[in-house]
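Residue-level structure breakdown
Now for the letters of each chain:
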Amino acid sequence: MRDDSAGAVEAARRPRIAIEALSPTVDAGRFPVKTIVGRPVTVEADIFADGHDMLLADVLWRGPDDQEFRRAPMRLIANDRWRAVLTPEAIGRHEIVVEAWWDEFGTFRRDLTKKREVGLDVSLETEEGLILLEKLASAARPEAARPLVDLILRARDSDVADRVSQLLSRATHEAALRADRRAFASRSDSYPLEVERIQAEFASWYELFPRSESGDPNRHGSFRDVIRRLPMIRDMGFDVLYFPPIHPIGETNRKGRNNTLTPGPADVGSPYAIGSAEGGHDAVHPELGTIEDFRELVAAAAQHGLEIALDFAIQCSPDHPWLKEHPGWFDWRPDGTIKYAENPPKKYQDIVNVDFYAPDAVPGLWQALRDVVLYWVEQGVKTFRVDNPHTKSFAFWEWMIADIRAEHPDVIFLAEAFTRPKVMYRLAKLGYSQSYTYFTWRNHKQEIQEYLTELSTADPKHFFRPHFFVNTPDINPFFLQTSGRAGFLIRAALATTLSGLWGMYNGFELCEAAPLPGKEEYLDSEKYEIRVRNWNQPGNIITEITRLNRIRRENPALQTHLNVRFYNAFDDMVLCFGKPGGSPDGAPLDEMILVLISLDPDFERHATYELPLWEFGLPDHGALAVEDLMRGNRFTLTGKTQSVYFNPREMPFHVWRLTRLQGVA
């Protein structure tokens, strides 16, 4: 007979308790789940073992500054599924583990109770219970062992009935739990949880070109000019002010107005052609001011409740200092030139790209780019919009973002990634806090509902935060080109109420939409020239944007996309959705924000819709109090079937706060 005792011993050491199907996780723990500081996180797992013994389980978690794990007890839901809720209190990378063990005394109590209930002689069982308590006491800390020792001494002098009462008492159970030796304890693999500040999920962005803020088309704007504009941006309700690149602009192949290749001597060029004799990514364009001026702008913005976000665009003008200082970071052609950037059919003759895997690029280029971000963090910038990250190395982003956030966990990265879904999701997994989305081109009811349902109920809800920009300097959507003022109001209402993150490029509030014929681009694009605007221009929607931003700030239900619920509106051009307030999961609601939006910018609409009385636990003939948050009036709606009217010439949407009628259960 062969000796395989070593194998048997090894097998006996393996866990007896299975911990499976942990949730939430992203790719089985390869990437972190994302959440916001202070938000409860529900952790679940399948936990079971051989036999019929009872189990106990905890979820363990610790943050970046925790030496020891914190614990929260898990409870059995059904079918071996266990659940607990933890609330992270600090930003940064957290670690989560599930631990389970044999509930020895719990199992004993269960079996003793069953035997007593059917009238069996349990005298031997009571002795076994005392022996079990002795084992627990012998392995426990003195303060945990003392109550058990006292109980054991009392029970030894008692009859069987009294022993049973003492062994099954709540006090004994609680004492045994405190002294539990956690027999056969097993732990799951740990998985990461990324906890970020609230601005990673709720923020209103306003984009402008600082060079256009002088008020004079013949004078280049400066950081000091932007400071004068801050009160207006604040008063509209924005909290993030975002600039395209503010660095020196190259001269070689500089673009003229409307992207021409024949610039005049006064043409300012595209700010995305980064780098000149004045410096590169860690310098400011001289006509904008000095780095001291920029710091003053950051400080002034903070006084107005605004955070400055910068563009991190990894591309270079042919005049960028890196081309001479680090030629090994670029891919040179056989004739000694570098191919300019392209995204067919678009051409960027004024830009060349770095090569992340050129012979000299690692680690020098990677570290230099990381240091660019750190430099601007030192200047007070904590939010970065990254230009075209999907065309750069995935490995670089995972390394760089983790490296930055290990020291500065409050830094936020927004991915400007209008690309394929899986690529967008991968960037989010790699560390991006937010991402541009397909919202810019989602105009129809069904596609809006399907997209938001995917983002809020499928796997992306654990790692992908959609940022709904209504327009950008690069994108003048076809819808806005033809829809007039009503179309701008429709898109603003959708963006501000569907997602916690929304943004607009200036000019949107003036309903600017003049296109290059046949293209989703602006005529006289600000990317290539200084634009001066009249902010009091008739027909502007500044008042409506201000009100929408205030409503978002005052109603936490609108500060995330994760709680959206779509309801029936019996018109394919009318979207109806709700966002509940803070009621516990599964409980009838006390409050909801209900939004109804006509997607038709041209014609009046009358639509029938269903008032979601059932969400409040009310019958179909029930009633709810309504506060119209845009118009300021109040009324009552009675009955499930309702009708609503939209006038695109006035306001093609409604934002209502639904609450229970006072005095009505």
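Residues numbered from 1 in each chain as written. Predicted model: local features only at pLDDT ≥ 70, side-chain atom pairs only at ≥ 80, totals over all residues. Heavy atoms only, no water.

**Remarks on the packing of aromatic side chains**
Just so we agree on the cut-off: Each aromatic pair joins two rings of Phe, Tyr and Trp (for Trp, the six-membered one) with centres within 6.5 Å, and gets the label stacked for planes under 30 degrees apart, edge-to-face for over 60, and tilted for any other angle. Each helix corresponds to a stretch of at least 4 residues labelled H or I by DSSP, and each strand to a stretch of at least 2 residues labelled E; elements are numbered beginning at the N terminus. Residue exposure (1.4 Å probe, protein chains only): buried if accessible area is under 20% of the type maximum, exposed if over 50%, otherwise partly exposed. Here, a charge over a ring means that NZ of Lys or CZ of Arg falls within 6 Å of the ring centre while also lying within 35 degrees of the ring normal.
Tallied over the full model, the rule gives 35 aromatic pairs. Ring centres of Y438 and Y451 lie 5.8 Å apart, and the angle between their planes is 50 degrees; this geometry places the pair in the tilted category. Linking Y438 in the loop between strand 18 (434-436) and helix 13 (445-457) with Y451 in helix 13, this pair joins segments that are 13 residues apart in sequence. The same class applies to Y438 and to Y451, which are both buried. Among the aromatic residues, those joined into a ring-pair cluster are F312, F356, Y357, W366, F384, F396, W397, W399, F413 and Y432. The residue whose ring lies beneath R62 is F69, and the NZ or CZ to ring-centre distance is 4.0 Å. Between R182 and the ring centre of W101, over which it is positioned, the NZ or CZ distance is 4.1 Å.

**Quick notes on the sheet that holds strand 19 (residues 466-469)**
Operational definition: Whether two strands pair depends on DSSP finding at least two bridges between them. Every axis corresponds to a line fitted to the C-alpha atoms, with the helix fit spanning only the stretch in contact, and the corresponding angles, defined between N-to-C directions, vary from 0 to 180 degrees.
If you walk around this closed barrel you meet the eight strands as 11-12-13-16-17-18-19-20, and the pairing is parallel. With strand direction ignored, the average angle separating the axes of adjacent strands in the sheet is 25 degrees. Bridge count for strand 11 (residues 203-207) against strand 20 (residues 501-505) is five bridges, and the pairing is parallel. When the sheet's bridge partners are listed, S204 is paired in strand 20 with W502.

**Some points on the nonpolar core**
We count it as follows: Remark: nonpolar core denotes a set of buried residues (Ala, Val, Leu, Ile, Met, Phe, Trp, Tyr, Cys) joined through side-chain atoms within 4.5 Å. Whether two residues touch is decided by their heavy atoms; if any such pair falls within 4.5 Å, the residues are in contact.
One finds I47, F294, W376, W397 and F413 to be the most contacted residues of the largest nonpolar core, which totals 135 residues. Among residues more than four places away in sequence, those in contact with I47 are I17, A18, I19, L55, A57, M74, D80, W82, V98 and A100.

**Comments concerning the UniProt feature "site: Transition state stabilizer" (unreviewed entry) in the protein chain**
The following threshold applies: UniProt positions are given in the numbering used here, feature names are shortened, and annotations may be inferred rather than shown by experiment.
Per the UniProt record, the feature "site: Transition state stabilizer" (unreviewed entry) sits at D474. Relative to the elements of secondary structure, D474 occurs in the loop between strand 19 and helix 14 (478-498). Among residues more than four places away in sequence, those in contact with D474 are R385, E416, E520, E521 and K527.

**A short note on unusual backbone geometry**
With omega at 10 degrees, the peptide bond leading from P344 into P345 counts as cis. Along the chain, P345 falls in the loop between strand 14 (340-343) and strand 15 (346-352). P363 follows V362 through a cis peptide bond whose omega is 10 degrees. By the element assignment, P363 lies in the loop between strand 15 and helix 10 (364-378).

**Topic: the UniProt feature "binding site: alpha-maltose 1-phosphate" (unreviewed entry) in the protein chain**
UniProt records the feature "binding site: alpha-maltose 1-phosphate" (unreviewed entry) for K255, Q315, D350, N388, K527 and Y528 in the present numbering. When you line up the elements, K255 lands in the loop between strand 12 (240-243) and helix 8 (291-303). A relative accessible area of 1% places K255 in the buried class.

**A look at the packing of helix 14 against helix 15 (residues 542-554)**
So the rule is basically this: Comment on the angle field: the value is read as roughly parallel under 35 degrees, roughly antiparallel over 145, roughly perpendicular from 65 to 115, and oblique elsewhere. Three residue categories are used. Nonpolar comprises Ala, Val, Leu, Ile, Met, Phe, Trp, Tyr, Cys and Pro, charged comprises Asp, Glu, Lys and Arg, and polar comprises the others, including Gly.
Packing of helix 14 against helix 15 brings their axes to within 10 Å, and their N-to-C directions diverge by 10 degrees. Judged on the interaxial angle alone, helix 15 and helix 14 are roughly parallel. Contact residues: R485, L489, A492, A493, A495 and T496 in helix 14; E544, L548 and R552 in helix 15. Grouping the constituent residues of the contact of helix 14 with helix 15 by class yields five nonpolar, one polar and three charged.

**Re helix 15**
Rule in force here: To estimate how far a helix should reach, multiply one less than its number of residues by 1.5 Å.
Counted at 1.5 Å a residue, the expected span for helix 15 with its 13 residues is 18 Å, and the 18 Å between its end C-alpha atoms agrees. Every buried residue of helix 15 is accounted for by I542, E544, I545, L548, N549, I551 and R552. Packing partners of the buried residues in helix 15 comprise strand 11, helix 7 (223-235), helix 14, strand 20 and strand 28 (653-660).

**Regarding the pairing of strand 22 (residues 574-580)**
Burial analysis of strand 22 places seven of its seven residues in the buried class, the great majority of the element. Of the two faces of strand 22, the one lined by V574, C576, G578 and P580 and the one lined by L575, F577 and K579 are each fully buried. In terms of strand pairing, strand 21 (residues 565-566) meets strand 22 through two bridges, oriented antiparallel. The partner of R565 across the bridge, within strand 22, is G578. Taken together, the seven bridges between strand 22 and strand 23 (residues 591-598) define a ladder with antiparallel strand orientation. Bridging from a neighbouring strand, C576 pairs with L596 of strand 23.

**Focus on the pattern of salt bridges**
This is how it is decided: Throughout this description, the term salt bridge denotes a Lys or Arg side-chain nitrogen within 4 Å of a carboxyl oxygen of Asp or Glu.
Going through the model one piece at a time under the given rule, you end up with 62 salt bridges. Close ionic contact of E127 with R156 constitutes a salt bridge, the shortest N to O distance being 2.6 Å. Of this pair, E127 sits in helix 3 (residues 123-139) while R156 is found in helix 4 (residues 142-156), placing the two residues 29 residues apart along the sequence. We note a salt bridge from E610 to K640, for which the minimum N-O separation is 4.0 Å. Highlighted residues: E610 in strand 24 (residues 605-610) and K640 in the loop between strand 26 (634-638) and strand 27 (641-646), separated in sequence by 30 residues. Relative accessible area serves as the criterion here: at 15%, E610 is assigned to the buried category. Within the structure, one salt-bridge network assembled from shared partners comprises R39, R93, E194, E196, E201, R405 and R465.

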